[in-house]
Every structure is written in structure tokens, then in C-alpha cells.
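Analysis of the macromolecular model
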Amino acid sequence: MPDSARPLPGQVAVPRDIGFVDWFFDVGTWTDKGGILDSLWETVLLCSIVTIVAVIVSVPIAAALAHFGKAEVSTTWLVSISRAVPTFAIAALLVPWSLRRGWGFEPWPIFIALLLLALVPIYLNTYTAISQVPDGTVDAARALGHSETSILTKVEFALGASVVLSGIRVAAIQVVATEPIRAFLGGDGLGRYVRDGFGQNNDTLVIGGMILIGGLAALTGLIFVLLERIVLPPGVRRLARQQGDRTR
Amino acid sequence: MQHSFPDPESQINASRAAIRLSGVTKEFRGSAEAAVADLSLDIEEGSIVALLGPSGCGKTTTLRMINRLIEPTSGTIEINGTNVADIPAQELRRGIGYVIQQVGLFPHRSIASNIGTVPKMLGWNKKRIAERVEELTSLVGLDHDLLSRYPDELSGGQQQRVGVARALAADPPVLLMDEPFGAVDPIVRARLQDQLLELQSEVRKTIVLVTHDVDEALRVADQIALLNVGGVLEQLAAPDDLMRTPANDFVRTFVGEDRWLRRLHLNLVSSLPHHTGPILPIAATFGEAREVLAAEGVSWLGITEDDVFLGWVQASALDAVEAAGGSLADLERQLPAAQVEPTSTLRSAMELIMVSNTSAAVINEGGKFGGVVTLEGIRRGLAGDTS
Amino acid sequence: MSGAALLGEARNPIIRWEWVYEEWDQIREALLEHLELTMLAMALGLVVSTILAAIALRFRWTMTPITATTSLIYTLPSVAMFALLAPVFGNLSRVTAVLPLAAYTLLILVTNIVAGFQSVPQSVRDAADGMGLSPARRVWSVELPLAMPFIMTGIRIATVSTVGLVTVAAIIGQGGLGRLIFNGLRRAFWTPMTVGALLSIILALMLDALILWIGLLLSPWQRRKKAAA
């Protein structure tokens, strides 16, 4: 609740009579120490690390399970349980734990909560991608003398690449979209503009923060669209378009 | 059985119905050629008519125009003289049984409830529906234990039987079947076809059956309407006539070069002109025996006693036995290896003759001798050569 | 929130039961508000997505724009969504909380409703028409029951994620249990925060199980199939 209209130390300080345009399009607003670029960097850094760690953890596990075993049951279970994990509540629960170890508000609670959020779509899509490759194709590869590892990497991954990539895209967008709660958990990042805007009853900051957060999420989606263009061979992209709606 | 149509004035409110298509044309939007072009067809009541043809011949379209799932562009369809366009579509459909290849059972309803769908819509009371469901279950040869199951728990053949039972539920005079046995394996299909014929002998519906399978049409239909691409009727004929006298090259090609062989499936032993062959009663003389052998031009002879077939004897053995002062009864007899019934197909008669390595099969007509079948007799029979 | 003070407050116990006992009314109120926001958002979301799904099923070309729009909404950061509506409807308005929450349910609900109706085999529709069911009766007594498992799955996922998102609505002074979390964080007094966070997780799990159970009740033929498999 906005109990104070004055900026506290460490908060964004913008006089209320400065209009949105004057503030948002001022070079200083972006480049000053503690300005938008700094906040943007904090957010991008955390989100990138979370996504990369999630890929490193999820992809091998999902690929191995899908290739060798039958993890259908655990996969279904994971889908339903993952929806019940509210990122904000998880992060909040981790705050006292982190403080007690002297690690401060940041970055562990928000990092772990976001990581849990990101693991699931990547795991699920990788699992789906690998198990969707027709048995006949895998058998053919085996008959041609491919080793199990080479089947996994050269056949199953190649064919499922677009599905895996779209899982990473969904995860990244969700992470970027959720990261602003960090500002309400004792951290900063782009969410601070909304937080401090509320705190100071300053719509300029609220709107500015909203545009920055929404813009970054949109940009993330765009980057992945380009990435798919570059990484995926045309044949696989055509395949992905045919299967498109199934993996949403 | 007056409950098929709620409207008592309706002329097709009867247990029997004839269907007449007059100049029926269907053009689909965005398609240059008509799906069905000026099709006229008379379907006798109580008969099974197969709409046969390659894909794109409009056979399914034709079928679906009868129950107005598709409306014709022009032309009329009458059931017992009533234009179907004059009957509200849903009322019409409740009075026409409809069976499709994928069966289309309602997965969320029990088998009993599936079968009772139309009676329930017609407002029958529960007791009457339950009785009817029981009756139909027996009629189509389903296990009564299945009634409380869901469709997914049944095999393909069982599901198809439920589909037929459901279509017959309100005892409609007309049954439309769209590739009804296309989705089951050949063995089950043959059994279901036999069952359909058995069923038809009891219920005598007017059945229109769509198929692309020549053998199915030959096997179950009374009349075959062979359609060409664009819904052109090439020939309407009884199965054997279609084989024997194809109207044109299309019919000839479609039914295949082996149509003579197919006719072996269609025609029964009883259809052959009665031919006793080289047969003599046991009391006959050696002179009579030599006469018959010469007339038939064979080297063997059948012996009967009181119209019961005893066996074959070799012509070469006659002289020795006669010289020894014996009678025909003293000849060494071989029992008949090949025996057929009058209801056997010519194909099975031919097969038996081949397998048993003889020249003729004996017709066993209720324990009595009914004549013989020879390969030459079959050839003549199929050629319509009665000489 | 200076470092030294924080370290002191970090020694607060995670949960202090006297507080739970004393503030029980506040906790109950927060829980009920949480439930109320969730249900309001779900009700609104269901109404809107039923309409959207009906349009998408009736006019196939609208499928792509509807999916694109709801997907876009789904990726909008929740903090930004609340921020967007706060100046319009006021900081403390319930509308500000419910609208975004309902908007987030659209993608999942529309996708599942459409998938449900599309899962009805064409042959079943054809058979229904062929037996003379009226279109309304076909939709109501055949297609809807068959689509139900998909629809219930959608409702389940949407409800559970809404429970999680409601906590974020606390940034605009709404948010039921989320308010407890915020209060706790702001004062570095962990008890309300722990209570709020745990209760929101428990609430989500319980609603998940409840809706799963209702879904099974509504589709007995599926239950039988699963038991057989």
C-alpha cells in the first residue's frame, strides 16, 4: 500500500511534475548510474543465467528419459504440479532462508523460484520432441549403424529441434515476464519502476516501468523467432509448421 | 410397426419402402464438375442395393442425399412416393437407419444407451426402449453383457454390430450403410457380411449400401448400381448379370478381368442345369453301363441304390467281372471324395474337384443323390449354355 | 531496509504460532479474498473464453488471430498488467485485479475448449446428424460431454495458475494471501509471509485435486477406460 509519497533511499527519485515523455526520453534517465540501462542489465543478466541453467539441467534429463525409458507418468505428474507452484510464494519462502545465511535478499530466492518456473516447459518440450520422433525413423538410424548417442544427437534432436527451441522460448518469456516481482522481494531490476511508481503514487514511473517490462518480454519472443530462423534447417522448420499447434 | 415416423399421414409410414431417385444432381460450390449428375435410380422395397464405384463417383453423396445430410442441387428423391424434401430433415432421419464406416458410436454413452438413441428421441418409455434394446442385441448377435459397457471397451467388429443395432432401433423401413465394413479386418468383414444377409432375411429392409469393394457388392447386394466419376450411372444390374454382360468397357474394367472367376463365388451348384452324369442304379445291366459310358465319353461310372450314391467304378474293370459272371454290384467301388451341397458355390465345388483329383463332385441333396458337377458342367453353366 | 537491521530481523522465526492464533481473522479474511478473486477471475475468464471459442469454432479464420491475441496477453508480465490498469480503475479497485487475472486464463481456456470440441470425431457428429439429432441437441448432449475432459483440464490449469497470480495482485493492494506475504516481507516479520505463501500453495493443490475429481465425475466413460488400461 502506498503509505509514503516520498522516495526512500535507494528508490527511483523523479519529481511528480515531470511528465512521462520528458522523463522517459531523457538520455540521463537511461544512462545515469542506477538508471534504466543499469536496471535493464540486472534483469537481462538474471534472466539469461536462469534460462541457461534451466537448459543445462532440463534438456539432458528429459532427452535421456525420453530416449531410453518411459517417464510418461512422471511427466504428467510434473505438468500438474508445476502449475501449482506460485513463483512469488516460493521466492518469498526462500527469503528468510537466504537472509539467515547472510546471502541477502538477492539473488538466490528469486533465482531459484525463476529456475523452477523455467525448468518445466523446457523439460516437457524436450521430452515431447524426442518421443515424437517416429520409432521407424529411430530404427532406420539404428539399422544404418548409428550409435545410441549419435541417434539421440543427430536424429532425434535434429528432428525435434524446433520443439525444444520453442520450449526454451516459452521458458525465457515466462522468466522475463515474472522477473519484475523481484522488485517486491527486496531486489531491483526493471520492476523497481512499477514498485516505486506505486510507492510514490507516480504514474509516470508506473507507465514507464510497464512499457519497459512489456517491451523486454516482446523483444525476447522476437529474438527467439530470429534464432529459430538461423538455427533450424528449412526442412525441420517445415516439419515444425506441420506439427505446430500440437506442442503449444 | 408403425412407429418409424411420428407423422401418421406420411406415406412412408410403413414397414416397407421403395426409394426412387429422379434426375438427382449435386454440384458442390467451387467445384467445376457435378458430384452426381442427373442420376435416376429405382430401388425396390426390401432389396439390398449396392452403390459401387471408384472414389469420386459420388456414391456417398448420393447416399447422404437420401437422408438429406446433403441437399441435391436438382432432382427429387422419393420414399414410397413422398418427396423427402417435404419431410422435416430431422424427422426424416429418425425414420432412416444410418450406418457409417467409423460407426460413430457416442463414446460417453453405454452400449444400451447408444442403441436406444432414436427411440429415446421419439419419446418411447423406458421399458419399451429396454425391451427393444434387448431384442436388437439378440438380432445382431451381441453378448448381452456388453450392454453396460462403453464403446471403447468393444472390438471393431462388436462396435460395428452395435452401429447396425442402433440404426435399426426404431425399426426404420430404410437402412443406409456407408462403407459399413470398411474398417474391420477381412475375416470379421466376411462374418459381418454374412450376418447382414442373415439379418436381412429376417427384417427385410430396403438397404442402400455404399462400397468400393466389388466383392462386397457381389456378395451382399440384390442389385448393383455401378457409378462412374461424376455420379454417372454406368449399369444397374443383379450381380451375376453385371459379371456376365457388362454394359461397357468401364464396367468390364471395374469388375476386373477375373469376373468369370468371381462368378464362381456368386453362383450356386443348384443354379446349374440338372445333370445326372454317368450314373446307373445298381440293378442295371452291363449293356446299359457300356451305353452310358459311350454316351458320356468317360472311363468311370457312378452306382446308386434307392437314390443313395454308393461309389464310383472303373470302366476297365467291367469286362473281367462280367466274364466271371458277376453283376455291377460286384465291381470294386471307390467312395466319392468330392461331395457338395446344392447351396455350395461353384467355386467350392470346383475346388473340391481339384483337390480330390477326380472329374466330378457328387451333389448331396439331403442325404440323397442329386446329380454330379463336372468342370465342363460349370463352364457351360456360367456361359449360359444349357445344351 | 539497511543491512544491519535486516540481519537482526533475519533471526525472526519462520513462523510464530501466537501470531497465527491472534491474527486468525485476518488470515481467514485473506484466504477468502484470495478464493473470491480466483473465482471471479475464473468466472469472467470462462464466459469470455466460451464466447471466443465459439467464434473460433464457427469461423475458422478467426482461430489464428484469437490464439495470437490470447498468447500475447499470456506473455504480458503480470506486474506490468496490474500497473497498466491501476491508473485506469484506481489502485485499490477489485476490477484492476480481476481483469488481468481473467485475461491470463483466456489462452489456456480457449485452447482447451477448442481442442475439446475438435476432439469430437467427425464420425460421431455425422452419426448424430444421421440419426436426426437437432444441432442444439447434438452440441449439448454429445459434443459437450465429449469435450468435457479437455475443458476441465483447462479449468484446472487456469485455476491453479490464477491462485498463484493472485498473490502478485498484492502490489496493487489486492491479492488476498499475497497481502500477507507483502506485509511480512516489508516488515521482515516472517510469520505472515510464511502463512500466506504456504496457504496459497495449499489452496492451489487443493483446488487442483478438487477440479480433477469433478472432471472424473463428469466423464465416467474416461475413468473406466483408464482403469482398464
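Each remark here, short or long, concerns the structure printed above.
All values derive from a computational prediction rather than experimental measurement. (Residues numbered from 1 in each chain as written. Chains lettered and ligands numbered in written order. Predicted model: local features only at pLDDT ≥ 70, side-chain atom pairs only at ≥ 80, totals over all residues. Heavy atoms only, no water.)

Spatially, three strands are ordered β14-β15-β16 (chain B) in an open sheet, and the strand pairing comes out mixed. Two strands close off the open sheet at either side, each with one partner strand: β14 (339-340) and β16 (368-374) of chain B. (Pairing = 2+ DSSP bridges. Helix = DSSP H or I, 4+ residues; strand = E, 2+ residues; numbered from the N terminus.)

Here the focus is the pattern of salt bridges. In total, this model carries 30 salt bridges over all chains according to the counting rule given. Between Glu131 of chain B and Lys127 of chain B there is a salt bridge whose closest N-O contact spans 3.2 Å. With Glu131 of chain B and Lys127 of chain B both in helix α5 (residues 126-139), this residue pair falls four residues apart, about one helical turn. Judged by its relative accessible area of 62%, Lys127 of chain B falls in the exposed class. Linking Asp208 of chain C and Arg156 of chain C is a salt bridge whose minimum nitrogen-to-oxygen distance equals 3.0 Å. With a gap of 52 residues between them, Asp208 of chain C in helix α10 (residues 190-218) and Arg156 of chain C in helix α8 (residues 135-168) connect regions that are remote in the sequence. Looking at Asp208 of chain C, the relative accessible area reads 13%, which means it is buried. (Salt bridge = Lys/Arg side-chain N within 4 Å of Asp/Glu carboxyl O. Buried < 20%, exposed > 50% of the residue type's maximum accessible area, 1.4 Å probe, protein only.)

Let us look at the interface of chain A and chain C. With 33 residues of chain A in contact, the opposing surface of chain C contributes 46 residues. There are zero salt bridges connecting chain A and chain C. At the junction of chain A and chain C, the tally comes to zero residue pairs in polar contact (both at pLDDT 80 or more). The set of elements that each furnish at least two residues to the side of chain A that touches chain C consists of α4 (72-83), α5 (87-100), α8 (148-178), α9 (191-199) and α10 (203-231) of chain A. Sort the elements by how many residues they give to the side of chain A that touches chain C and α5 of chain A lands first, with nine residues. (Contact = heavy atoms within 4.5 Å. Polar contact = N/O pair within 3.5 Å; in protein donor to acceptor, adjacent residues only side chain to side chain.)

Right, let's get into the interface of chain C and chain B. On the side of chain B, 26 residues touch chain C, which itself brings 21 residues to the contact. Contact between chain C and chain B buries roughly 2000 Å² in total, counting both sides, with carbon and sulfur atoms accounting for 63%. Here chain C is connected to chain B by one salt bridge. With its nearest N and O atoms 2.7 Å apart, the salt bridge here joins Asp126 of chain C to Arg64 of chain B. For the interface between chain C and chain B, the tally reads six residue pairs in polar contact (both at pLDDT 80 or more). Going through the elements one at a time, α7 (122-130), α8 and α11 (220-228) of chain C are the ones with two or more residues in the side of chain C that touches chain B. The element best represented in the side of chain C that touches chain B is α7 of chain C, accounting for seven residues. Considering only residue class, the side of chain C that touches chain B consists of eleven nonpolar, five polar and five charged. (Buried area = accessible area lost by both parts, 1.4 Å probe. Nonpolar A, V, L, I, M, F, W, Y, C, P; charged D, E, K, R; others polar.)

What follows is about helix α6 (residues 108-132) of chain A. For α6 of chain A, which comprises 25 residues, the first-to-last C-alpha distance of 36 Å matches the rise-based estimate of 36 Å (1.5 Å per residue) to within 8%. Counting buried residues along α6 of chain A, 18 of its 25 residues qualify, which places the element largely inside the surrounding structure. (Expected span 1.5 Å × (residues − 1).)

So, about the environment of Leu142 of chain B. Residues and elements named next belong to chain B. As for its placement among the helices and strands, Leu142 is situated in the loop between α5 and α6 (156-168). Given a relative accessible area of 7%, Leu142 falls into the buried group. It is 34 Å that separates the C-alpha atoms of Leu142 and Gln339, two residues lying 197 residues apart in sequence. Leu142 has contacts with Thr137, Gln158, Arg161 and Val162, leaving out every residue within four places of it along the chain.

We now examine the packing of helix α3 (residues 24-58) of chain C against α8 of chain C. Residue and element names in this part refer to chain C. Put simply, α3 and α8 touch, their axes get as near as 9 Å, and they point 135° apart. One finds that α3 runs oblique with respect to α8. The crossing of α3 and α8 is right-handed. Along its contact with α3, which presents His34, Leu37, Thr38, Ala41, Met42 and Leu46, the element α8 presents Ile155, Ala158, Thr159, Thr162, Val163, Val166 and Thr167. (Axes fitted to C-alpha atoms, helices over the stretch in contact; angles between N-to-C directions. Parallel < 35°, antiparallel > 145°, perpendicular 65-115°, else oblique. Left-handed = near helix turned anticlockwise from the far one by under 90°.)

Another aspect to go through is the sheet that holds strand β4 (residues 74-79) of chain B. Residues and elements named next belong to chain B. With antiparallel pairing, four strands are arranged side by side in an open sheet as β2-β1-β4-β5. This sheet does not close on itself; its edge strands, each paired only once, are β2 (36-43) and β5 (82-83). Judged from the two bridges that link them, β4 and β5 form a sheet pairing that is antiparallel. Opposite Glu78, over in β5, you have Asn83 as the bridge partner.

Most contacts, among the two pairs of chains that meet, fall between chains A and C. Chain B makes no contact with chain A, the minimum C-alpha separation between the two being 22 Å.

Geometric descriptors of this kind do not, in isolation, establish any biological role.
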